[in-house]
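Coordinates in review
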Amino acid sequence: SHCLSFKQIFFNLNSLITEAKCGFVIILMALYWCMECIPLAVTALLPVILFPMMGIMESDEVCIQYLKDSNMLFFGGLLVAIAVEHWNLHRRIALQVLLLVGVKPSLLMIGFMITTAFLSMWISNTASTAMMLPIANAVLQQLCDTEANAEERNCRLTAVRDGQENRREEKYTKLLKGMSLSVCYAASIGGTATLTGTTPNVILKGQIDELFPENGGIINFASFFGFSFPNMVLMLALSWLWLQFMFLGFNFRESFGCGTKKDGDLEAYRVIKDEYKKLGRMSFAESCVLVIFTLLVLMWFTREPGFIPGWATVLFNKDKSYVTDGTVAMFMSSLLFCIPSTFPRCQSRHDAPAEAHSALLTWDVVHEKMPWNILLLLGGGFALAHGSEKSGLSQWLGESLIPLQNIPPFAISILLCLLVAMFTECSSNTATTTLFLPILASMATAIKIHPLYIMFPCTISASLAFMLPVATPPNAVAFSYGNLKVMDMAKAGFILNFVGVITINIAINTWGVAIFQLNTFPSWANVTKTP
């Protein structure tokens, strides 16, 4: 019996040591990600080195985590986004929307926010911000110049003219700050609406599939969009109201115009129209990219819509999930390398040989614009999650968090969202999501609540980086472009962080419950295992 007790003690000690080793790797990576002492992607590769050396997982098992289905989904979505940017289709869409909205200050702000948010659903948040800010600056500059000319014609007294000039400069400086913040905030908010809109969303899907393999594909493009898009619209509207209050006030006659038309409005409208005319007619390449992009979105929505069998279920997935959103993304993006960028024309045998036309997308363009580090960051997150499961760290964390079941779930969700929103101001949203989601999954299984009830809100909260210029690249672009001070961004972003957390938790407790059946603890989440 003594021998058996020693063996049991040794087994338990060895198990505890394995959990501690995995915890050490996670803490080390968290510190490296926060301090950025080495590149984020290099930190994401540490599990490949440390897990095999510490006896947590074999090297083959670690390395395979870096090329999972979620990576292919994100890679395919990025390829289509690169094609949209390469052929300037996003600029055409943006200018067309602005022509429809108008140039009154409030309408202009909401127009820029809607356009930026829509583009950020499909292309990178940074690219959307970098494209929209010069357009906003040009329009505001034209409004300011036209108003200055009108004042100069109507006023002869130098003293009066100087006073008007100071008020005008102050007004447009404030308006430029508000417009710059509205663009960068809309980029972050828009990225939360689609599964491929920003990296944390893909991490959520990958972690759910990794930690709960029997979940039945609960997160796909359609279900994610069904929950996140209404939340994005609500968050965008509230953000616009707050920025309107901060930088424009609520003078509806001045902000909305109330039917009046000024020379400045016509001139600013002409600036946008001239920019649109410079693009010329839509080329064959733009048309092809638009068709592929539209088909991709339609195929994502109809693959497994939920309320009816999707085309993938009818044709391929009768007994297993053979075709996923990643399959669709790779299929449609591969067409970009096959279709020529110019319309092929027939020629007679007497004509000179035609020049070979490049495809819609070439590997040189992809190599230049693809953020390869993001794919490694995704893989590092999946490796951490798998290592936590294999080592027993997830189970240990879950058992340690059991006392939290005495707290109402909605309170837990709000507190965790605030914690993630605060943490993401100092760390990348990718690193934040990667670190928090496995812990949140362990907590959910320990206190018997639906994992998505806390994982989904915290994933979106990781994109609420509104307070600091260094919090996210769109903020940094806007800060350098809009004559902003740190305090300007901090004051606007502090309130928006709370607004975002509130809207997310309203969403998860209303239509989120209906979409994902969050009021029950699913059988697939009961994954209690011995290490």
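Residues numbered from 1 in each chain as written. Predicted model: local features only at pLDDT ≥ 70, side-chain atom pairs only at ≥ 80, totals over all residues. Heavy atoms only, no water.

1. Quick word on the overall build of the protein
Along its length, the protein carries 25 helices and zero strands. Within the protein, the proportion of its 531 residues that are buried is 51%. Taking all contacts inside the protein whose residues are at least 6 apart in sequence as the whole, residues at least 24 apart take part in 80%. With the model as given, the accessible surface of the protein reaches about 24,700 Å², and the carbon-plus-sulfur share is 65%. (Helix = DSSP H or I, 4+ residues; strand = E, 2+ residues; numbered from the N terminus. Buried < 20%, exposed > 50% of the residue type's maximum accessible area, 1.4 Å probe, protein only. Contact = heavy atoms within 4.5 Å. Areas by Shrake-Rupley, 256 points an atom, 1.4 Å probe, with all protein chains shown as cover.)

2. Digging into a nonpolar patch on the surface
A cluster of nonpolar side chains, namely F410, I414, L415, L418, F494, I495, F498, I502 and I506, defines an oily patch on the protein surface of about 790 Å² accessible area. At the level of elements, α20 (409–423) and α24 (486–508) are the ones that each hand at least two residues to the nonpolar patch. (Patch = residues over 30% accessible without salt bridge, like charges linked within 9 Å, V, L, I, M, F, W, Y side chains within 5 Å. Salt bridge = Lys/Arg side-chain N within 4 Å of Asp/Glu carboxyl O.)

3. Considering the nonpolar core
Soluble globular proteins tend to pack their nonpolar side chains together in the buried interior. Counting 149 residues, the largest nonpolar core has W33, F112, L181, Y185, L452, I454 and F456 as the members making the most contacts within it. Broken down by element, this core gets its largest block of residues, eleven residues, from helix α11 (residues 221–248). A domain split of this core shows at least three residues from each of domain 1 (19–66 + 372–525) and domain 2 (71–154 + 162–343 + 358–367). When residues no more than four places from it in sequence are discounted, the contact partners of L452 are L204, I208, I218, I219, P457, I508, F516 and L518. (Core = buried A, V, L, I, M, F, W, Y, C linked by side-chain atoms within 4.5 Å. Domains from an automatic or database assignment.)

4. Points about the pattern of salt bridges
Two side chains bearing opposite charge may form a pair once their charged atoms approach each other closely. Going through the model one piece at a time under the given rule, you end up with eight salt bridges. Between K177 and D488 there is a salt bridge whose closest N-O contact spans 3.1 Å. You can see K177 sitting in helix α9 (residues 158–190) and its partner D488 sitting in helix α24, a full 311 residues away along the chain. Residue K177 is classed as buried on the basis of its relative accessible area of 15%. For D488, a relative accessible area of 14% puts it in the buried group. Its salt-bridge partner being R303, residue D325 comes within 2.7 Å of it at the nearest N-O pair. Taken as a pair, D325 in helix α16 (residues 325–335) and R303 in helix α14 (residues 284–303) lie far apart in primary sequence, 22 residues in all. Using a relative accessible area of 2% as the deciding quantity, one classes D325 as buried. Overall, the relative accessible area of 8% leaves R303 in the buried class.

5. Digging into the packing of helix α19 (residues 393–400) against helix α21 (residues 429–447)
The N-to-C vectors of α19 and α21 enclose an angle of 55°; their axes lie 8 Å apart at closest approach. Here α19 is positioned oblique relative to α21, judged by the angle of their axes. For the crossing formed where α19 meets α21, the hand is right-handed. Residue-level contacts link S394, L397, G398 and E399 of α19 to I439, S442 and A446 of α21. (Axes fitted to C-alpha atoms, helices over the stretch in contact; angles between N-to-C directions. Parallel < 35°, antiparallel > 145°, perpendicular 65-115°, else oblique. Left-handed = near helix turned anticlockwise from the far one by under 90°.)

6. Structural notes on unusual backbone geometry
Phi at N88 is positive, roughly 60°, even though this residue is not glycine. Position of N88 among the secondary structure elements: in the loop between α5 (69–86) and α6 (89–101). N88 sits in the partly exposed class, given a relative accessible area of 32%.

7. Quick look at the packing of aromatic side chains
Going through the model one piece at a time under the given rule, you end up with 20 aromatic pairs. Arranged with centres 5.4 Å apart and planes meeting at 75°, the rings of F423 and F436 form a pair that is edge-to-face. Taken as a pair, F423 in helix α20 and F436 in helix α21 lie far apart in primary sequence, 13 residues in all. Overall, F423 belongs to the partly exposed group, its relative accessible area being 27%. An aromatic cluster is present here, built from F118, W122, F221, F225, F229, F293, W300 and F301 joined pairwise through their rings. (Phe/Tyr/Trp six-rings, centres within 6.5 Å; stacked < 30°, edge-to-face > 60°.)

8. A short note on the packing of α20 against α24
Relative orientation of the contacting elements α20 and α24 amounts to 145°, with a least axis distance of 10 Å. The hand of the α20/α24 crossing is right-handed. Where α20 approaches α24, its residues F410, S413, I414, C417 and L418 are matched on the opposing element by F498, V501 and N505.

9. Description of α16
When α16 is considered as a whole, its buried residues turn out to be D325, G326, V328, A329, M332 and S333. What you see down the axis of α16 is that its buried residues fit within an arc of 160°, all on one side. Looking at the buried side of α16, the elements it contacts are α5, α11, α14 and α15 (311–315). Residue T324 occupies the N-cap position of α16, its side-chain oxygen lying 3.2 Å from the main-chain nitrogen of G326. (Arc of directions from axis to C-beta. Polar contact = N/O pair within 3.5 Å; in protein donor to acceptor, adjacent residues only side chain to side chain.)

10. Let's talk about the side chain of Q65
Mapped onto the fold, Q65 is located in the loop between α4 (59–63) and α5. Overall, Q65 belongs to the buried group, its relative accessible area being 3%. Those residues in contact with Q65 that sit more than four places away from it in its chain are N71, E210, G379, F382, A383 and H386.

11. Examining the side chain of T472
Topologically, T472 is positioned in the loop between α22 (451–461) and α23 (473–481). Judged by relative accessible area, T472 falls into the buried class, the value being 12%. Ignoring any residue separated from it by four or fewer positions in sequence, one finds T472 in contact with S188 and A465.

12. Some details on the environment of K171
Within the fold, K171 resides in helix α9. When its relative accessible area of 33% is taken as the criterion, K171 is described as partly exposed. Once the C-alpha coordinates of K171 and F247 are considered, the two residues, 76 residues apart in sequence, prove to be 8.9 Å apart.

13. Some details on the confidence of the model for the protein
Looking at the protein, the pLDDT average stands at 82 and 85% of residues meet or exceed 70. Averaged over each element, pLDDT in the protein is lowest for helix α12 (residues 252–256) (58) and highest for α22 (93). (pLDDT = per-residue confidence, 0-100.)

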